[in-house]
Amino acid sequence: MARVIAREDAGEREVFDLTTTQGTFIANGLVVHNCGRSGTELTHALNGTGYPRGCFSIANAISCRPPKNQLERLRARLKRHNKREERKVVKAALDNEPYTPRFFLDPVEACKPRLMKEALRFTNLLLVGGTALKAFLGEHASPMGVRGTPMVLELTEDGRVYRGGSTEGAPEGARVTHRWATLPTVHPAFALRMRRWLPMFRQDVAKAIRFFTGKLNWKPPSIIINPDADELARFLEMEAQAGRPVTYDVETLPAGFRTNKEGKVVAFYEATRDRLAIFAIGNRHVVYVVQFLSTEGIAKFYSDVDRERMKGVIRKGLTDRRLLKRSWNGGSYDRQVMENPANMGVTPVPIIDGILLHRLVFTEYRHSLGFALSHLTDAPTHKEDDTAKHPDSDWAWATYAGMDVSSEHECIDVLEPRVYERRQQQLLYPDHAVQSVCVGMHQNGMLIDQRIRGELETKFTKEAGTRLETLRDVLNRRTFNPRSHEQVTDLLYDQWGLPIYKYSEKTGAPSGDDDCIIQLFTYSELTSLQRRVLRLIRKVRKANKNLEVVLACRLERFGGFAWDIDGRIRTTYNAHGTVSGRTSSSEPINLQNITGELRIMFIPGVGRVFVGADYAALEARVVAAIAQAINLLLIFKNGFDLHGFIAESAFGQLYRDAEGYVHYTKGSPPENTVAYDMRVSAKRIFFGWIYGAGLETIHKQITEAEDEEGELTNYDADSRETAIVIDALSESVAPEIA
C-alpha cells in the first residue's frame, strides 16, 4: 500500500520505480529514487559502514522541488522580492496610499516546523548538504566549516536549535527538550562533481556511524594545568632521552584593538607583538598546560620567581636538538610568538610543521587544523567554537589548549608516514625553508612613505568621488551605489535584462562581481550606454579598492599596533596558501597584489634597495624538462624568446607581418605594438595550457586581460584565435607535453 501525498494533472512523463530503494539518496534531505550516480554513491557509502540503506530513515528538509532544482537561486529571488515589497510598503506609507504587500516565506523556514516534528522521532542525525544543515542551525551555518564534525544539537522549548557543549550552546536557563547526536557532511552530488571530496564524504558517513554507535576512536588526554617547572622539565627530558617527538601550541592575547570597517572595536592580532598567555606541550595522551596570563591579561598563576623558572625550562626544551618539536603552523605564527623577547626570545628547533605535511599529502584541500581533525581523527568539535579568542574561563581556555596539542599530535602521527609512503620527504626541507622566508618577510615588514601615501589618499578619494558622480549622471540616478550588490544586480538583470553568467556560490543569487561584469562585455547586444556604465562601475570599484589599501597603510589605522616605531606595515605570508606552492599574503592587506600605481608608497629605507627577481619561465622550464619537449629545450638552451617562438609557430605569417615583429632568435617585440599584443596572448594561452586548462578557461583569461588603466583590452577576442594557439602547442610546439 502507498499513501498519496500529491496529485498532478494527467500526462505522460518518466516515472521512478518506488518498489525498490536502488539508487536512493538524500537531496537536501529529500528522498529521491533511482536518480543515478548520486544515489549509487550514498548507497555505496552506507554499505561500506556495514549498515545497509534499509537501516536508515530519511526526512526531507523541504517538501517541494524548486524550479530546475536550484533552491539557493529560488531563495535569493524570494529574498529580493520581499525586500522590494518592503520598499513598496514604505513608499505607500509616505504617499499615504493603501498597499497590501505579498510576502513569501523562505522554503526552509516554511518547512521547519514539519521537519522538527519528524526529527523528534530520532536521536541521531546525518545532515547531508547545506540545506539540511541550515534547516537546523540557521542561515549562517557553514557546511564546510563543520562537515565531518561530531556534535550534539539541542532543541529548546522555544523551538530553537543550538550546538551543545560549545559557545554556541543553548543560553543559560533555557530548557532543552530534545538532543540529537549529529554529523554534517557534503551532498553526494557535490562530491561527484568535485571528485576530490568523494573520500571525505565516505569518511564522514563512516564516522557518523561510529559516532552514533559509540565507537569513535578518541579518548581525551590527561591535561595537567599549571604544573611546576621541575615536573615539566622531567617530562621533556624523558621524551628527549626516549627519542619521542612532542607537540606544542600557544594561545595569545591580542597586541591591541582597532576599529573595523563597520565601526566596531575588535581585537588586533599581530604575531610579532601578541602576548603569550598559554604554552602547552605534550603528546597524544599527556599534555602540560602553562598559563602565563589569564583571559583578562593578568599574571596570577605563578609567582615572579616560578614564572621565570618555568620560562627557563620551556626555553631549554624548545632549543633542545634531541627533542623534535611539532606544531600546526608552528613554523610561522607560533615561532614568531616564541621569538618575541617579551615572551620567550628563542627559536624552536628542530621543528616539523603539521600544516606543511598536510599540504604535501592533501594538496587541494583546506589546511586548517579543524579541517585536518575532521578527516584524519575522531577528535571532538573543540576547534569549531570560538574558545581560542573568546574563552569563557581560564579553565576552558587551558583545556582547549590541551585538546589542541593532543589532536595536533595525532594528526601529525597520521600524516608523517603518508609523506614517506608518497616519497615526499625530500620536499620537507624546502617547504620549511620557504616558510622561514615568509617569517622573515613578515618580521622585516615594508616601510611606507607617509607623505606619498597621503598624496595617494587625496588622489583616490577625489578619483572615486568624480567617477561616482559621472556614473550617477550617466544613469540619472543620484543614489546609485556601484558597491551595492543589490543595486547593481537589479540594474543589470531586472532593469536591463542582461544574461546571467554567474551565480553567487554562497547565496545562489545572480552575481554582480567584477568577473561577471567582465563577462558581460562579451555580450554582443550590449548598447553603448550599457558598455559605458559597466566601465564606470569597474572604475569606481577600482578607485575605492585602491583607497582601501592606502587607508590600511595609514599609521593611525590600528592605533600604532600594526607598525613598530619604524613605520613598517607587516602582513601575514603563508607558505601553504596555494595548490601550486606559491606563497600567499593576507591581513591587514595583500602585499603580493599591489598594483603599480600603489607601489610608489613602499620604500626600501635608508641605505637599502629593492631587488626584483622573476621566475624567468621557471615553470615552463620544469615542464619542458620533465616532458623532454625538444623544441622548448632548444629555445631555453639558446636563450631565445619562448613566447615569440610560440606566437610565430601559431600565427605564422600573420605574426611576421604584424607591427613591431622581431624574430624570436633576436629578442621580443617592443611594447604597444600589434606583435607585442599577439606575443602576450600566446604567453597567456601557453601557461594556461601547461596547467591543464581547457579552451573555455584559457579564452576567458584572454578576454579578462587589462591594461594599466584597468581597461579590458581583449574582451572581443575571437575564441578561434585561442584554439589556433592551443592546436599549435599540441601538434608542433610541444607535442611531448600534450
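Keep in mind the model is a prediction, meaning the values are calculated, not measured.

## Some points on the overall build of the protein
Of the regular secondary structure elements, the protein holds 26 helices and 19 strands. Expressed as a percentage of contacts within the protein between residues at least 6 apart in sequence, the contacts between residues at least 24 apart total 65%. As presented, the protein carries roughly 38400 Å² of accessible surface, and 52% of it is formed by carbon and sulfur atoms.

## Remarks on the side chain of Asp274
Note that Asp274 resides in the loop between β10 (265-268) and β11 (275-282). For the buried Asp274, which has no salt bridge, the nearest side chain bearing the opposite charge is Arg275, at an N-O separation of 7.2 Å. A distance of 3.0 Å separates a polar side-chain atom of Asp274 from the backbone nitrogen of Ala255. In contact with Asp274, not counting residues within four places along its chain, are Thr252, Leu253, Pro254, Ala255, Phe268, Tyr269, Tyr333, Asn340 and Asn343.

## Some details on the nonpolar core
Counting residues in each nonpolar core, the largest one holds 52 residues, and the members touching the most others are Trp328, Ile589, Met601 and Phe602. Listed in part, the 30 residues of the second largest apolar core include Ile685, Phe686, Phe687 and Val733.

## Re the sheet that holds strand β3 (residues 124-128)
Taken together, the four strands give an open sheet; going across it, the order is β3-β6-β4-β5, and neighbouring strands pair in mixed fashion. Since the sheet does not close on itself, it has two edges, and those belong to β3 and β5 (161-164), each with one partner. Adjacent strand axes in the sheet meet at a mean angle of 40 degrees, parallel and antiparallel pairs treated alike. Note: strand β4 (residues 151-156) against strand β6 (residues 176-185), six bridges, orientation antiparallel. Its bridge partner being in β6, Glu154 is matched across the sheet by Arg179. Along the sheet, helix α4 (residues 130-137) contacts β3, β4, β5 and β6; its crossing angle with β3, the most-contacted strand, is approximately 130 degrees.

## Examining the environment of Tyr51
Looking at the element boundaries, Tyr51 is found in the loop between α1 (37-47) and α2 (71-94). Residue classification places Tyr51 among the partly exposed positions, given a relative accessible area of 33%. With 155 residues separating them along the chain, Tyr51 and Ala206 place their C-alpha atoms 9.7 Å apart. Residue contacts for Tyr51: discarding those within four places in its chain leaves Leu46, Phe56, Ile209 and Thr213.

## Let's talk about the confidence of the model for the protein
When the pLDDT values of the protein are averaged, the result is 84; 87% of them are 70 or greater. In the model of the protein, strand β2 (residues 30-32) stands out as the element of lowest mean pLDDT, 34, in contrast to strand β12 (residues 286-291), which has the highest, 98. Every residue in residues 1-8 scores below 50 in pLDDT, and together they form one contact with partners more than four places removed in sequence or on other chains.

## A look at the sheet that holds strand β19 (residues 602-603)
The three strands are arranged β16-β15-β19 in an open sheet whose pairing can be described as antiparallel. The two strands at the open ends of the sheet, each matched to only one other strand, are β16 (568-569) and β19. Sheet topology note: the strand β15 (residues 446-448)/β19 ladder contains two bridges and is antiparallel. Within β19, the position partnered with Leu447 by the bridge is Ile603.

## A closer look at the packing of helix α15 (residues 450-475) against helix α18 (residues 528-552)
Relative to each other, α15 and α18 sit at 155 degrees, their axes nearing to 9 Å. Regarding the angle of α15 to α18, the classification is roughly antiparallel. Helix-helix and strand crossings are classified by hand; for α15 and α18 the assignment is left-handed. Of the residues assigned to the contact of α15 with α18, the class counts are 16 nonpolar, four polar and six charged.

## A word on the pattern of salt bridges
Per the stated rule, a full pass over the model turns up 36 salt bridges. The salt bridge partner of Asp204 is Arg147, with a shortest N-O separation of 2.7 Å. Residue Asp204 is found in helix α7 (residues 198-212), and its partner Arg147 is found in the loop between α5 (143-146) and β4; the two are separated by 57 residues along the sequence. Pair check on accessibility: Asp204 and Arg147 agree, each one buried. Bridged by salt links that share partners, the residues Glu469, Arg472, Asp473 and Arg478 form one connected network.

## Details of the state of the cysteines
Simply put, disulfide is the name for a covalent bond between the sulfur atoms of two cysteines. Throughout the structure, instances matching the rule amount to zero disulfides. The thiol of Cys64 is unpaired, and the distance to the nearest cysteine sulfur, on Cys111, comes to 5.7 Å.

## Focus on unusual backbone geometry
Residue Pro350 is reached from Val349 by a cis peptide bond, and omega for that bond is -20 degrees. Note on placement: Pro350 falls in the loop between α10 (330-339) and β14 (351-353). Of note in the backbone geometry, Asn226 takes a positive phi value of approximately 55 degrees without being a glycine. Following the sequence through the fold, Asn226 ends up in the loop between β7 (222-225) and α8 (229-242). Note on Asn226: relative accessible area 24%, which makes it partly exposed.

Here is what the cut-offs are and how they apply
Residues numbered from 1 in each chain as written. Predicted model: local features only at pLDDT ≥ 70, side-chain atom pairs only at ≥ 80, totals over all residues. Heavy atoms only, no water. Helix = DSSP H or I, 4+ residues; strand = E, 2+ residues; numbered from the N terminus. Contact = heavy atoms within 4.5 Å. Areas by Shrake-Rupley, 256 points an atom, 1.4 Å probe, with all protein chains shown as cover. Buried < 20%, exposed > 50% of the residue type's maximum accessible area, 1.4 Å probe, protein only. Lys, Arg positive; Asp, Glu negative; His and termini not counted. Salt bridge = Lys/Arg side-chain N within 4 Å of Asp/Glu carboxyl O. Polar contact = N/O pair within 3.5 Å; in protein donor to acceptor, adjacent residues only side chain to side chain. Core = buried A, V, L, I, M, F, W, Y, C linked by side-chain atoms within 4.5 Å. Pairing = 2+ DSSP bridges. Axes fitted to C-alpha atoms, helices over the stretch in contact; angles between N-to-C directions. pLDDT = per-residue confidence, 0-100. Parallel < 35°, antiparallel > 145°, perpendicular 65-115°, else oblique. Left-handed = near helix turned anticlockwise from the far one by under 90°. Nonpolar A, V, L, I, M, F, W, Y, C, P; charged D, E, K, R; others polar. Disulfide = S-S within 2.5 Å.

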